[in-house]
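Tertiary structure, described
This is what each chain is made of:
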There are 2 protein chains.
Amino acid sequence: MSVESAAPSRSNPRRAPAKPGSQSALRQSNEQRIVQALATGGPQTQAELARQTGLSTATVSNIVRGMSRSGTVTTSPTTSSGRRALSVALNDDGSVAVGIDIGRRHLRVVLAGPDYRVLGEEAIALKAGHTAAEGLDAAAELLDRLLAEQGIPRSSVLGAGIGIPGPIDRRSGTVVQGAILPEWVGINILETFGKRLGIPVFIDNDANLGALAQVTWGPHSSVENLIFVKVGSGIGAGLILNGSLYYGNVGITGELGHMTINEHGLICRCGNRGCLETVASTSTMISLLQRTTDRPLMAPDIVRLALRGDTATLRVIDDAGLAIGRAVAHVANLINPELIVLGGSLTDLGDILLDPVRRGLLRHAVPVVGESTTVCMGSLGERAEALGGAAVVLSQPSSILG
Amino acid sequence: MSVESAAPSRSNPRRAPAKPGSQSALRQSNEQRIVQALATGGPQTQAELARQTGLSTATVSNIVRGMSRSGTVTTSPTTSSGRRALSVALNDDGSVAVGIDIGRRHLRVVLAGPDYRVLGEEAIALKAGHTAAEGLDAAAELLDRLLAEQGIPRSSVLGAGIGIPGPIDRRSGTVVQGAILPEWVGINILETFGKRLGIPVFIDNDANLGALAQVTWGPHSSVENLIFVKVGSGIGAGLILNGSLYYGNVGITGELGHMTINEHGLICRCGNRGCLETVASTSTMISLLQRTTDRPLMAPDIVRLALRGDTATLRVIDDAGLAIGRAVAHVANLINPELIVLGGSLTDLGDILLDPVRRGLLRHAVPVVGESTTVCMGSLGERAEALGGAAVVLSQPSSILG
């Protein structure tokens, strides 16, 4: 795999889109029309596809031929109005998409069918500070085990969408400074993973995959402009704009964790001062609370203590929530999303975290924007990123996976 | 005109786009393909258009018939390979697009042909605090005069794109609180202007039109992700994302002027505290400098004094520039644009303003983002917004203007 093969739209993440108006862009968009027509309308003849898409029968037959070669569709002879015709159907040939989420301390792998049914899923712990090679080995092993358990041959795997907790420079395919996994910085992750797993690989930032999961697997499929904010050891956002994942110029978007909240605050791992992460990440919350106990605290303890009504924990969450609210107010002022979804390891806090976030939003946003922006918790919990990874694979045009 | 008729894409601003995948969306995109083919390839037969676009000849002929009825194209009989055919050409029938920019103290009207040639242009002063009716009267008069001077009949006017210095709620078509023209708040501007001018009217925020001008008339037509920041009595941004103007959920985007810079700073007209506008707008600069002189200062004085080397003015600009840089750093961290263009009344300052903005950007952005984001002055000066207005009209599908 090269960086080239991995796209900036919901349908083709981490791959430079074909130049608008070019022949290949036209072909890509025509192919998408046909896939959509088949997904909504079921099997149909080439003539029906032409009618439904407005494409010429020559164009349809040309594209169907390519999709048939790559296994995306199956064609079979039929008759239509007494004439011989070719019926086209999307394949459900037992193929499987893989989603992999690699965090600082965890690994999750999901298997999903073309109908978006989850066929297998497992999460395991990883030791903090693991190297890219160790994370990759663990992912490969877990994938093999899940496939074996489900009796799915490796040849049925379409590809894997992999979420990484760090910014990825699309120009070089490498994780750049600022990643939660500093051991991974500088590694050409697309190449490394592609070689090791031996299947088509798509790499993306974990918050991007979380955002994609909200509009694919989550209850928000009709939302055109959605911001997914992942609050964990780091804070990052994935942006769904006009219905598609947004990648910007070099692929580093949604770096919400590095918005300056306190100009003279703590030094951040990004090299700046007083970034949102230094005020509101789970690491910051833990280091604030650690002074109150001898037992080493972890992120789940924040949730446990808060639900138990521990006042120090509630105060730390309130302060963090207000800061997150201020940051998302600036996002809302700029991007005017319909919905902001919070994800990460604190989703079980519910209103305990949502309330201060909403207060911060209303306090810092332009009134109309504050009032028209909904903030809620993600319903997919810690599964979001891995599910988003599988969604990336399932949304690829057949020419990429073929 | 209703709000309905005024779209969120470069080709159809301030109008809700047809639902993706719907029949009308399909027709809209097919029509755009044909217009593009004619604009790049010149007059051609329907068969050639079908070949170039991949559309069926039936679809092409159907769409061409509609475009011919609305006057977008002219068809004429011809022969191709010895057979009778229909040649299709984009019309240049002397039609004219109008761009109108209404500011707190100025009004500018431009006339442009379908080939984007400026046919007439004039700017006049308006008194501060003018009402919507007064601004509108002045615009109507100036438009009539320019048309008369150029000998252009009113019937040749395709429509007017009008820039307003305030956020516009697309749900109601009204200017909302936070506008630089408080006298305009609550007015259904689309309806009012449409009735008074008697031509199709498209209303947009001035910074949005400034952004559109950069990628249409300016030197940045190839830039896919561009932020245009207008620095004047207010500060607002227009966002070109993935090649199109971005409108978000209710149309209120780019409210950069209301990013919190100093949490305990001055009260802003939006009701918050310490917003960027309270630190870096020309009004703020003027009120800071006014203490040094008895003569009333205006925005052009800032430029004049700075170019003359006045140290107080240079300091005020440096502080404002750093704050603007901090705000655009947060935009860049989030949206990762290729280019940030500064516009408004201070563009003649050049590096005097650009330098602190760049310093603020590098100081507050994630390193890779800061280093890969270019900041420059807009080359269209105070003409940008009106030119953007004309661009809005010229980019409408014929069905809207017809």
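Refer to the preceding data block for the structure.
Basis of the calculations
Residues numbered from 1 in each chain as written. Chains lettered and ligands numbered in written order. Predicted model: local features only at pLDDT ≥ 70, side-chain atom pairs only at ≥ 80, totals over all residues. Heavy atoms only, no water. Helix = DSSP H or I, 4+ residues; strand = E, 2+ residues; numbered from the N terminus. Buried < 20%, exposed > 50% of the residue type's maximum accessible area, 1.4 Å probe, protein only. Areas by Shrake-Rupley, 256 points an atom, 1.4 Å probe, with all protein chains shown as cover. Least-squares fit on C-alpha atoms with pLDDT ≥ 70 in both. Contact = heavy atoms within 4.5 Å. Buried area = accessible area lost by both parts, 1.4 Å probe. Salt bridge = Lys/Arg side-chain N within 4 Å of Asp/Glu carboxyl O. Nonpolar A, V, L, I, M, F, W, Y, C, P; charged D, E, K, R; others polar. Phe/Tyr/Trp six-rings, centres within 6.5 Å; stacked < 30°, edge-to-face > 60°. Pairing = 2+ DSSP bridges. Axes fitted to C-alpha atoms, helices over the stretch in contact; angles between N-to-C directions. Arc of directions from axis to C-beta. Polar contact = N/O pair within 3.5 Å; in protein donor to acceptor, adjacent residues only side chain to side chain. Expected span 1.5 Å × (residues − 1). Parallel < 35°, antiparallel > 145°, perpendicular 65-115°, else oblique. Core = buried A, V, L, I, M, F, W, Y, C linked by side-chain atoms within 4.5 Å.

This part takes up the overall build of chain A. Per the secondary structure count, chain A includes 14 helices and 15 strands. A burial count over chain A gives 59% of its 402 residues as buried. Carbon and sulfur atoms provide 51% of the accessible area of chain A, an area that totals close to 15,500 Å².

When chain B is brought onto chain A, the operation consists of a screw motion whose angular component is 180 degrees and whose axial shift is 0.0 Å, with 0.1 Å RMSD remaining. A rotation of that kind, with that shift, is consistent with a two-fold axis. Relative to the rotation axis, the closest C-alpha in chain B is found at Ser 56 of chain B, a distance of 1.8 Å. With an isologous cut-off of 70% or more, the 100% of interface residues of chain B that recur at the interface of chain A puts this contact in the isologous class.

Let us now look at the interface of chain B and chain A. Of the residues lining the interface, 54 residues belong to chain B; the matching set on chain A comes to 54 residues. Summed over both sides, the interface of chain B with chain A buries roughly 4,500 Å², with 50% coming from carbon and sulfur. For Arg 326 of chain A, the salt bridge is made with Glu 263 of chain B, and the minimal N-O distance between the two is 3.0 Å. Broken down by secondary-structure element, the contributors of at least two residues to the side of chain B that touches chain A are helix H1 (23-41), helix H2 (46-53), strand E12 (235-241), helix H10 (311-335), helix H11 (351-364) and helix H12 (367-372) of chain B. Sort the elements by how many residues they give to the side of chain B that touches chain A and H10 of chain B lands first, with seven residues. Here the residues of the side of chain B that touches chain A are counted per class, giving 22 nonpolar, 24 polar and eight charged.

All names here are of chain B. The tally for this structure, following the rule as stated, stands at four aromatic pairs over all chains. Note on Tyr 116 and Trp 217: the rings are 5.4 Å apart at their centroids and 70 degrees apart in plane angle, and the pair reads as edge-to-face. Of this pair, Tyr 116 sits in the loop between strand E5 (106-112) and strand E6 (118-125) while Trp 217 sits in the loop between helix H6 (206-216) and strand E11 (226-231), and the two are 101 residues apart along the sequence. According to the relative accessible area criterion, Trp 217 is buried, its value standing at 18%.

Residues and elements named next belong to chain A. Strands sit in the order E1-E3-E2 across an open sheet of three strands; the sheet is antiparallel. Pairing within the sheet leaves two strands with one partner each, and these edge strands are strand E1 (44-45) and strand E2 (73-80). Relative to strand E3 (residues 83-90), E2 runs antiparallel, the two being bridged by eight bridges. In the strand pairing of E3, Thr 75 is matched with Val 88. On top of the sheet, helix H3 (residues 57-69) reaches E2 and E3; it is set at about 130 degrees to E2, its chief contact.

Moving on, we come to the pairing of strand E14 (residues 339-344) of chain B. Residue and element names in this part refer to chain B. With respect to burial, E14 is a largely interior element, six of its six residues being buried. With burial as the criterion, each face of E14 is covered, one bearing Leu 339, Val 341 and Gly 343 and the other bearing Ile 340, Leu 342 and Gly 344. Where E11 lies against E14, six bridges are found, and the strand directions are parallel. Opposite Val 231, over in E14, you have Gly 344 as the bridge partner.

Turning our attention to helix H5 (residues 189-197) of chain B. All names here are of chain B. Looking only at H5, the buried set comprises Ile 189, Leu 190, Phe 193, Gly 194 and Leu 197. End-on view of H5: buried residues confined to an arc of 120 degrees, all on one side of the axis. Residues of H5 that are buried in the fold lie against strand E4 (96-102), helix H4 (132-150), strand E7 (157-164), strand E9 (174-175) and strand E10 (201-205). Between the side-chain oxygen of the N-cap and the backbone nitrogen of Leu 190 there are 3.3 Å, and the N-cap of H5 in question is Asn 188. Directly after H5, the chain includes Gly 198, whose backbone phi takes a positive value near 65 degrees.

Looking now at helix H4 (residues 132-150) of chain A. All names here are of chain A. Over its 19 residues, H4 extends 27 Å from the first C-alpha to the last, a length consistent with the 27 Å expected when each residue adds 1.5 Å. All buried positions along H4 are accounted for by Ala 132, Gly 135, Leu 136, Ala 138, Ala 139, Ala 140, Leu 142, Leu 143, Leu 146 and Leu 147. Elements that come into contact with the buried residues of H4 comprise strand E4 (96-102), strand E5 (106-112), strand E6 (118-125), strand E7 (157-164) and helix H5 (189-197).

Its identity is not glycine, yet Asn 242 of chain A carries a phi of approximately 50 degrees, on the positive side. Structurally, Asn 242 of chain A is set in the loop between strand E12 (235-241) and strand E13 (244-245).

Time to look at the sheet that holds strand E13 (residues 244-245) of chain B. Two modes of strand pairing occur in sheets, parallel and antiparallel, and in both the strands are linked by backbone hydrogen bonds. Residue and element names in this part refer to chain B. Here five strands make up an open sheet; going across it, the order is E13-E12-E11-E14-E15 and the pairing mixed. Edge positions in the sheet fall to E13 and strand E15 (374-377), since each has one partner strand and no second. Running over the sheet, H10 touches E11, E12 and E14 and is turned about 160 degrees from E11. On the sheet, H11 packs against E14 and E15 and is oriented at approximately 160 degrees with respect to E15.

So, on to the pairing of strand E10 (residues 201-205) of chain A. All names here are of chain A. With five of five residues buried, E10 lies mostly within the body of the structure. Pairing between E7 and E10: five bridges, direction parallel. Each bridged residue has a counterpart across the sheet, and for Ile 164 the counterpart in E10 is Asn 205.

Our next topic: the packing of helix H10 (residues 311-335) of chain A against H10 of chain B. Contact geometry of H10 of chain A with H10 of chain B gives a least axis separation of 11 Å together with a crossing angle of 80 degrees. Considering their axes alone, H10 of chain A and H10 of chain B lie roughly perpendicular with respect to each other. Judged by residue contacts, Arg 326, Val 331, Leu 334 and Ile 335 of chain A of H10 of chain A engage Arg 326, Val 331, Leu 334 and Ile 335 of chain B from H10 of chain B. In terms of residue class, the contact of H10 of chain A with H10 of chain B is made up of six nonpolar, no polar and two charged.

Residues and elements named next belong to chain A. If you trace the backbone, Arg 108 turns up in strand E5. Within the local environment of Arg 108, its side chain forms a polar contact with the backbone oxygen of Glu 382, the two atoms lying 3.4 Å apart. Apart from residues no more than four positions distant in its own chain, Arg 108 is found in contact with Gly 99, Ile 100, Asp 101, Glu 121, Glu 122, Ala 123, Glu 382, Arg 383 and Ala 386.

All names here are of chain A. Take Ser 156: it is sitting in the loop between H4 and E7. Overall, the relative accessible area of 16% leaves Ser 156 in the buried class. When near neighbours in sequence (up to four residues on either side) are disregarded, Ser 156 contacts Gly 94, Ser 95 and Val 96.

So, on to the nonpolar core. Val 229, Leu 256 and Ile 335 of chain A together with Val 229, Leu 256 and Ile 335 of chain B are the most contacted members of the largest nonpolar core, which totals 100 residues. Beyond its immediate sequence surroundings of up to four residues, Val 229 of chain B is in contact with Ile 235, Gly 236, Ala 237, Leu 256, Val 328, Ile 340, Val 341, Leu 342 and Gly 343 of chain B.

Nothing here speaks to function; it is all geometry.
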